[in-house]
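# Understanding the architecture of this molecule
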Amino acid sequence: TCHCASGHSVCHRETGVCSSGGCTAGWEGSNCQTPCTAGAFGPDCAGTCNCARGGSVCDIRTGVCSSGGCEAGWEEDDCQTACTAGEFGPGCTGTCHCASGGSVCDIRTGVCSDGLCAAGWEGSNCQTACVLGKFGPDCAGTCHCASGHSVCHRETGVCSSGGCTAGWEGSNCQTPCTAGAFGPDCAGTCNCARGGSVCDIRTGVCSSGGCEAGWEGNDCQTPCSPGEFGPDCSGTCYCASGGSVCNTETGVCSSGECEAGWEGSDCQTECSGSYGPDCTTPCGHCYGGQTCDSIGGTCPTGDPMCEAGYHGAKCDQECSDAYGPDCPTPCGHCYGGQTCDSIGGTCPTGDPMCEAGYHGAKCDQECSDAYGPDCPTPCGHCYGGQTCDKVDGTCPTGGDHVCAAG
C-alpha cells in the first residue's frame, strides 16, 4: 500500500517510492513502508511525541496521546505546544512562582533559573506556600502580627487586623522600634534613666540604670504618686502644701514653701542650725552647741539642756533674774534691783554694786561684821561681840546692854 503524502499518483507502482511530497503521517523510509517508531509521529515520522506515558501511547499519525496527557512542558491535544511563560509541568497545569517572572521558570520542573522564589513561596521549585508565620520571597520574612500568624499576608507580611506585635511597627510590621519606643506598634515611650538604648523594645524594661526621674515600676511606666519624685520615684517631697504641688521629676514645689525641717530649691536640704518651714528660724542656744530639732526647734534633752543664760524647750528665752545653764540660779542682790548677768550671774558694776548687806561679784554673799551696800563699813562694838545688822549696822537690842563697854 502506498503511503505518499502527495497521494497515490506519485507512488511508483513497482517500488512504492514516492516521487514527491514524502511519506504520509505515520510512515517513513525510502518507500514509506516503515511505520514510525515509538516516540515519533507525523509525515516522515519527523514529529516527536510528548506524551507523559511515553511514545507507546502516542498516535504515530497525529501525535495525540491516547492516555496520560502531555509530558511536562507541553500542552494541547497533540502535546506539541510548549508551555507559555509562567506555566510548567504536564499539560502546563503548574503555575510558576519565580521572583524574576515566568521567563526564568523551567517549563518542565518549575525550577527558577535564578534560584529565587516569588513572595509567598519556597522550595526547590517554589511550589510550597509559606507556612504560618513566614512571608515574602523564599518565605524568608518573619511575621510580627499582634493577632497571630493567621492574619499575616504570606506575600507582604501585612497584618490584616490587630496591628504589630510588641517591638515592631510599619505597614508590614518589619521595622523594629527605634530607641526610646517599645510595645505593640512601638506606641509606648521608654522611661529609662540611661536612655532608650537600654530599653527592651518589647516590654519597656530597662536593662540597667533604673527609671528616669518621675517614673517607677518594672517597665518604668508608672508615674510617681503624689509625694514622690526622681529616678524610680525614690525621692520624698517636702512641700508645705503637700505632695500634689511637688514636681515628680525634680521635687520642686510649684507653690508654697518647704515644709518644716527642709530648705533649698527642691526642699531636699535638711535644716542645720535652724528649723521650721524653709529653715528660716535659727536654733536657740542648745547646750554644747548641739543642733535643735529641724522641725519644731526643740533642743536635745539633757541636764543641762540650754547654754548659760537661756531656758525653755527651744533654749531661746533669756534668763530673767536668774543665770546659768537652764537659768536655775536666782540673781544675787544687785544694787537698785538691777538684773545680774544671765550667764555668770555677776551684777552690773557700779559704786555701790550690791544692795546693803551683800557683797561679791554676784552680790550673793552676806556681809560679815560689816554692813551697807557692798559691806564697806565694819560693824561697831556690839555688846558681847554680836554682829551688827548687815543693812544699817545697828547692834542687836533686847538685852541690858547694846554696845560693848567703852
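This report concerns the structure included in the present document. As the structure is a computational prediction, the values presented were derived from the model and not from experiment.

Taken as a whole and assessed by the stated rule, the structure comprises one aromatic pair. Their ring planes at 10 degrees and their centres at 3.8 Å tell us that Tyr238 and Trp262 sit as a pair that is stacked. Separated by 24 residues along the polypeptide, Tyr238 in the loop between strand 20 (235-236) and strand 21 (262-263) and Trp262 in strand 21 bring together distant segments of the chain. Side by side, Tyr238 and Trp262 carry an identical accessibility label, which is buried. Taking NZ or CZ as reference, Arg154 lies 4.5 Å from the ring centre of Trp121, over its face.

For the bond running from Asp303 to Pro304, omega is 5 degrees, close enough to zero to count as cis. Structurally, the position occupied by Pro304 is in the loop between strand 24 (281-282) and strand 25 (310-311). The omega torsion across Asp351 and Pro352 is 5 degrees, close enough to zero to call that bond cis. Positive phi outside glycine occurs at Asp44, with the angle close to 60 degrees. By the secondary structure assignment, Asp44 is in the loop between strand 3 (40-41) and strand 4 (47-48). By relative accessible area, Asp44 is classed as partly exposed at 37%. Of note, Cys92 is a non-glycine position whose phi angle comes to about 55 degrees, a positive value. Residue classification places Cys92 among the buried residues on the basis of a relative accessible area of 6%.

Before going further, it helps to spend a moment on the nonpolar core. Soluble globular proteins tend to pack their nonpolar side chains together in the buried interior. Formed by Phe229, Cys237, Tyr238, Cys239, Val245, Cys246, Cys253, Cys258, Trp262 and Cys267, the largest nonpolar core amounts to ten residues. Here Phe229 is in contact with Cys224, Ser234, Gly235, Thr236, Cys237, Cys246, Asn247, Thr248, Glu249, Thr250, Gly251 and Gln268, once residues within four sequence places are set aside.

One pass over the structure, following the stated rule, counts 34 disulfides. At a sulfur-sulfur separation of 2.1 Å, the disulfide partner of Cys98 is Cys112. An S-S torsion of about -95 degrees defines the bridge between Cys98 and Cys112 as left-handed. Of this pair, Cys98 sits in the loop between strand 8 (94-95) and strand 9 (121-122) while Cys112 sits in the loop between strand 8 and strand 9, and the two are 14 residues apart along the sequence. Note on accessibility: Cys98 and Cys112 belong to one class, buried. One disulfide bridge connects Cys258 with Cys267, the sulfur atoms lying 2.0 Å from each other. For the disulfide bridge between Cys258 and Cys267, the dihedral angle about the S-S bond is near -80 degrees, and by the sign convention the bridge is left-handed. Here the two residues Cys258 and Cys267 agree in accessibility, since each one is buried. Cysteine Cys403 shares no disulfide, and the gap to the nearest cysteine sulfur, in Cys395, comes to 5.2 Å.

Below, the discussion takes up the environment of Gly372. Within the fold, Gly372 resides in the loop between strand 31 (370-371) and strand 32 (377-378). A C-alpha to C-alpha distance of 5.2 Å links Gly372 and Gly357, two positions 15 residues apart in sequence.

Before going further, it helps to examine the side chain of Asn50. Along the chain, the position of Asn50 falls in the loop between strand 4 and strand 5 (74-75). Side-chain polar atoms of Asn50 contact the backbone oxygen of Cys79, separated by 2.8 Å. Those residues in contact with Asn50 that lie beyond four places of it in its chain are Cys65, Gly69, Cys70, Glu71, Trp74, Cys79 and Gln80.

Scoring rules and cut-offs
- Residues numbered from 1 in each chain as written.
- Predicted model: local features only at pLDDT ≥ 70, side-chain atom pairs only at ≥ 80, totals over all residues.
- Heavy atoms only, no water.
- Phe/Tyr/Trp six-rings, centres within 6.5 Å; stacked < 30°, edge-to-face > 60°.
- Helix = DSSP H or I, 4+ residues; strand = E, 2+ residues; numbered from the N terminus.
- Buried < 20%, exposed > 50% of the residue type's maximum accessible area, 1.4 Å probe, protein only.
- Lys NZ or Arg CZ within 6 Å of the ring centre and 35° of its normal.
- Core = buried A, V, L, I, M, F, W, Y, C linked by side-chain atoms within 4.5 Å.
- Contact = heavy atoms within 4.5 Å.
- Disulfide = S-S within 2.5 Å.
- Polar contact = N/O pair within 3.5 Å; in protein donor to acceptor, adjacent residues only side chain to side chain.

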